[in-house]
Amino acid sequence: MSHYDQLIAHYQTIHHFNHAQAMLGWDAAANMPAGGSEARSNAMAELSVHVHRLSTQPQLEDWFGHAEQAPLTTEQQASLREMKRQWQQATLVPEKLVQAQSIAGSKCEHTWRTQRQENDWKGFEKNWKEVVALSREEAKIRGEALGLTAYDAMLDKFEPGTTTSSLDMLFTDVKTWLPELIEKALEKQRSDSIILPSGTFSTDRQKALGLEVMKLLQFDFNHGRLDQSVHPFCGGVPSDVRITTRYDEKDFVQALMGIVHETGHARYEQGLPKAFSGLPVGEARSMGIHESQSLFFEMQVGRSKSFISHLSRLSMDAFNAHQDPVFAEENLYKIYTQVEKGFIRVDADELTYPAHVILRYEIERDLINGVIEHTDVPDIWDEKMKASLGLSTQDNYKNGCMQDIHWTDGAFGYFPSYTLGAMYAAQYKASMVKSLDLEVAIESGDLSPIFQWLNDNIWSQASLHSTDELVKRATGETLNAAHFRKHLEGRYL
Ligand SMILES: [Zn+2]
């Protein structure tokens, strides 16, 4: 067996354990009774340790060295590159540091849940200090090994190839036009009257509606399913994708669009090439590209007038409410495009969302690079929130810098993915409309041409190319924020 083939077999073995891990995780979130929690955590921790050992076995370095000398096809070279990337990611950080991070992170995250409710910054800060210090240490080690600055090394975990300088350029551009666009949209919507949902929308009917919408979006039910969990997610494996949502019986609006979003993630997974199944090169390109799929489904398709027309009809049927003005097309469209300045990122609308992300990006960049200290964060948050959305978070930590889970366990470098995803999605659409009429396809109820484009350009390409190359091949250029701006102006002005 060649060294390349040995590597292939080894990474497929790792994939089988990751498969089991993903299903255990899904079950813990969607099905497991509370009493199973401790034993499940232990089982999952044991599996993680095992996978880590497999991923860092000493002979791998030798195999990579030999495999690189052998003649390989272009696809095999890409496959080797992605295996090596995962191996480097796994071996760069010493096990002692990984363990310390895991302990500090789970302690900080666990206590954060009550500290946030109690607006207890002082208590939170004591645990978070350690998380920040360990993340800086990790960033330094990664940066030195990869020849990157500290924060760029953290970005590399989620968005390989993306750098601070490219993000600074993109986000500086957004900051020049976004505040004015938000004001104009608010002004335009000021006289709108919206009828908000009232009454009871049973979980059963909401689920039935969600399944209808997933059918419209051509989710493959032979390779996936929909369930419920406290925090919605898309998990599982490409051959068996598990998405979840959370229902509120007083309001169907969020759960319904949440299903559209998760279906976008799911179809990317379901569309990944079978030829590279179980291999790093067959996986999603990055978090930003993953989010570009969910946000393409949610923002470019889901909130378009023609799609909302389907949602109107399907929800009237599901709730047997054909006369209810809440479900009228125009009213649903207003609900799904309403702009509002708020404190909370996860509740933010499409237009104000980037402001939340850019604020977090600027803070975590400076924090990891050592430009600011963790104790500076609340004041800087307040300043930036006032500047971007005109809201003060002075002494309001729970709705300020303590609102997200990401930083509690050291997931620095992740936030930019959300807005990168929204930007990529707008760029795909700008490119797609050159060869097909999106509105006509959505109106007809047969969205196949849209999915064919995504499949040809994104899903089937998995991790064969770098992100820049992938986007350039799909749209003719690398990421260009002008498409995002045009999309937002078209929808909100
Ligand atoms: Zn998502």
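The rules behind these values
Residues numbered from 1 in each chain as written. Predicted model: local features only at pLDDT ≥ 70, side-chain atom pairs only at ≥ 80, totals over all residues. Heavy atoms only, no water. UniProt positions renumbered as here; feature names shortened; annotations may be inferred. Helix = DSSP H or I, 4+ residues; strand = E, 2+ residues; numbered from the N terminus. Expected span 1.5 Å × (residues − 1). Buried < 20%, exposed > 50% of the residue type's maximum accessible area, 1.4 Å probe, protein only. Contact = heavy atoms within 4.5 Å. Polar contact = N/O pair within 3.5 Å; in protein donor to acceptor, adjacent residues only side chain to side chain. Donors = N, O, S within 2.8 Å, 3.2 Å for Na, K, Ca; no water. Tetrahedral: all angles 85-135°; square planar, octahedral: opposite > 155°, others 65-115°.

- Labelled according to an unreviewed UniProt entry, the protein chain appears under the name Metal-dependent carboxypeptidase, originating from Marinomonas transparens.
- The annotation that UniProt attaches to the protein chain under Catalytic activity (unreviewed entry) is "Release of a C-terminal amino acid with broad specificity, except for -Pro."

## Description of helix α4 (residues 74–92)
Helical geometry: 3.6 residues make up each α-helical turn, so side chains three or four residues apart lie on a common side.
Then, in step 1: In this model, α4 (19 residues) spans 26 Å end to end at C-alpha, consistent with the 27 Å of a helix rising 1.5 Å per residue.
Then, in step 2: Every buried residue of α4 is listed here: Ala 78, Ser 79, Leu 80, Glu 82, Met 83, Arg 85, Trp 87, Gln 89 and Ala 90.
Then, in step 3: On its buried side, α4 packs onto α1 (3–30), α2 (37–55), α3 (59–69), α6 (121–146) and α7 (150–158).

## Section: the UniProt feature "active site" (unreviewed entry) in the protein chain
Then, in step 1: Summarizing the sequence annotation, UniProt attributes the feature "active site" (unreviewed entry) to Glu 262 in the numbering used throughout.
Then, in step 2: You can see Glu 262 is positioned in helix α10 (residues 253–271).
Then, in step 3: With relative accessibility at 10%, the residue Glu 262 sits in the buried group.
Then, in step 4: Setting aside anything within four residues of it in sequence, one finds Glu 262 in contact with Pro 232, Phe 233, Cys 234, Ile 243 and Thr 244.
Then, in step 5: Polar side-chain contacts of Glu 262 include one of 3.3 Å to the backbone nitrogen of Cys 234.

## Section: the coordination of the zinc ion
For a metal bound by four donors in a tetrahedral arrangement, the ideal donor-metal-donor angle is 109.5 degrees, while six donors in an octahedral arrangement ideally sit at 90 or 180 degrees.
Then, in step 1: At this site the zinc ion is bound by His 261 (NE2), His 265 (NE2), Glu 291 (OE) and Glu 291 (OE), with donor distances of 2.1 to 2.6 Å.
Then, in step 2: For the zinc ion, the 4 donor atoms are set out with angles of 50 to 128 degrees between them, so the coordination reads as irregular.
Then, in step 3: Site description for the zinc ion: donor spacing in sequence, H-x3-H-x25-E. With a gap of 26 residues between them, His 265 in helix α10 and Glu 291 in helix α11 (residues 287–302) connect regions that are remote in the sequence.
Then, in step 4: Look at Glu 291 and you get buried, because its relative accessible area is 9%.

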